[in-house]
Amino acid sequence: MYDIVVVGGGPAGLTAAIYGVRANKKVLVLEAVACGGQIINTSKITNYPAAPDITGLEFGQTLQKQAEDLGVEIEFERVDNIVDNGNYKLVKTEDDQYRAKTVILACGTVPRKLSLDNEEKFTGFGISYCATCDGGFYKDKVVAVNGGGNSALHEALYLSSIAKRVFLTHRRDEFRGSADLVNKVKAKANIELVLGANIVALNGERKLESITISRGGETSELSLDGLFVSIGRIPNAKELIKGLTLDKDGYIDAGESCKTNIPGIFVAGDVRKKDVRQLVTATSDGAIAATQALHYVME
Ligand code: NAP
């Protein structure tokens, strides 16, 4: 029986796990894909205290090593379901099941899709949700980024140093992202803004060749080699555990204590309902959730 099973090996989950093992508890992290979470897609982290020059990948790898060196067990399995059996929880993956006194849900978010025909077919064949992961395939090519938040602005800036030309398409005329990033984007000669524009079709035979854009009641076609969709993210919590209270957008409803409505189940990071989703708030949640889980185990 584990004292704490953490679902998700991102900054929130691994921080929680570190706090757990430092309190001499038996801790398992279950991670579906790769440790580090969303931050491994960030080319450079500049706003995390005392880490002024580190890539997202380095951050994730360093955090994973720190956790493992301290005794955290990590298994690469996707959690399908958690059953609350009162004094213990059963965490089920495709191949295994683990008993835990407490569970910390740090399962993050997944990219929001455009929900257009061909989107799935062209994913990996011209459509991507991560410029840092796939940008290298588009050296000297023409790409578009869709979205108006900080992530889309970052992606456009990153791609502008690889691709020949970058279109930044956004459904409104104003950006949601920060003014300094908008200014940086506007200063780039090879980024072209396409505002007030909705993507209405993804065209091609075996790979994406063009997108159809609707703008001011008119449609036009934009030929390109790649499209990076960056229109926000959706939480991973739905149907993970029966009776868990979620907000209307599917985020887990817990206050700053990181305690969910189910005793012994805690939440940390982007999947929690909150106003500020940043690396520093994710690690902060990890520390709080683990501390609450430790109190629960001791009681
Ligand atoms: P976001 O801030 O929610 O922005 C999503 C963007 O996608 C918005 O511009 C939105 O348009 C657009 N959008 C949403 N649904 C759409 C749809 N169905 N079709 C077309 N466009 C759609 O998401 P994010 O950029 O991924 O950022 C998430 C959080 O992380 C934010 O709090 C952000 O500030 C933070 N973040 C911070 C940094 C940093 O450097 N500090 C870096 C990355 C992310 P509207 O604006 O019209 O709603």
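The notes below deal with the structure included here. (Residues numbered from 1 in each chain as written. Predicted model: local features only at pLDDT ≥ 70, side-chain atom pairs only at ≥ 80, totals over all residues. Heavy atoms only, no water.)

Here we look at the environment of K207
As for its position among the elements, K207 is in the loop between β12 (197-203) and β13 (210-215). Relative accessible area serves as the criterion here: at 37%, K207 is assigned to the partly exposed category. Taking C-alpha positions, K207 is 9.2 Å from G226, a pair spaced 19 residues apart along the chain. If we skip the residues at most four places from it in the chain, K207 touches F122, F125 and D225. (Helix = DSSP H or I, 4+ residues; strand = E, 2+ residues; numbered from the N terminus. Buried < 20%, exposed > 50% of the residue type's maximum accessible area, 1.4 Å probe, protein only. Contact = heavy atoms within 4.5 Å.)

Comments concerning helix α2 (residues 56-69)
Across its 14 residues, α2 extends 20 Å between first and last C-alpha, which sits within 8% of the 20 Å expected from 1.5 Å per residue. Those residues of α2 that fall on the buried side of the exposure criterion are G56, F59, G60, L63, Q64 and A67. Projected down its long axis, α2 carries its buried residues within an arc of 125°, all on one side. Exposed residues pointing more than 90 degrees away from the buried face of α2 are listed as K65 and D69. Close packing links the buried residues of α2 with α1 (11-22), β3 (73-75) and α7 (279-298). Of the residues trailing α2, G71 is marked for its positive phi of about 110°. (Expected span 1.5 Å × (residues − 1). Arc of directions from axis to C-beta.)

Things to note about the site of the ligand
Around the ligand, 15 residues are found, and the nearest of them are N150, S151, H154, R172 and R176. Residue N150 places a side-chain N or O atom 2.9 Å away from an oxygen atom belonging to the ligand. Here R171 contributes a side-chain N or O atom positioned 3.0 Å from an oxygen atom of the ligand. About the coverage of the ligand: the protein hides 71% of its 920 Å² of free accessible area. When residues of the shell around the ligand are assigned to their parent elements, the largest contribution, three residues, is made by helix α5 (residues 150-160). Residue classes in the shell around the ligand are distributed as one nonpolar, nine polar and five charged. (Near = heavy atom within 4 Å. Polar contact = N/O pair within 3.5 Å; in protein donor to acceptor, adjacent residues only side chain to side chain. Areas by Shrake-Rupley, 256 points an atom, 1.4 Å probe, with all protein chains shown as cover. Nonpolar A, V, L, I, M, F, W, Y, C, P; charged D, E, K, R; others polar.)

Some details on the side chain of E31
Along the chain, the position of E31 falls in the loop between β2 (27-30) and α2. Buried E31, no salt bridge; nearest opposite-charge side chain is R78, N-O distance 7.1 Å. Beyond its immediate chain neighbours, meaning those up to four positions away, E31 contacts G8, G9, G10, E75, F76 and E77. (Lys, Arg positive; Asp, Glu negative; His and termini not counted. Salt bridge = Lys/Arg side-chain N within 4 Å of Asp/Glu carboxyl O.)

Overview of the packing of aromatic side chains
For the structure on display, the rule yields four aromatic pairs. Taking the centre distance of 5.2 Å and the plane angle of 75° together, the rings of Y48 and F59 count as edge-to-face. With Y48 in the loop between β2 and α2 and F59 in helix α2, this pair connects stretches of sequence that are eleven residues apart. Since its relative accessible area comes to 10%, F59 is described here as buried. Here Y138 and F228 contribute two aromatic rings whose centre-to-centre distance is 5.5 Å and whose plane-to-plane angle is 80°, an arrangement assigned as edge-to-face. With Y138 in the loop between α4 (131-134) and β9 (142-146) and F228 in strand β15 (residues 226-229), this residue pair connects regions lying 90 residues apart in the sequence. There is no split in this pair, since Y138 and F228 are both buried. When the ring centre of Y88 is taken as origin, the NZ or CZ atom of R99, which lies over that ring, is 4.2 Å away. Lying across the ring of Y129, K113 places its NZ or CZ 5.4 Å from the centre. (Phe/Tyr/Trp six-rings, centres within 6.5 Å; stacked < 30°, edge-to-face > 60°. Lys NZ or Arg CZ within 6 Å of the ring centre and 35° of its normal.)

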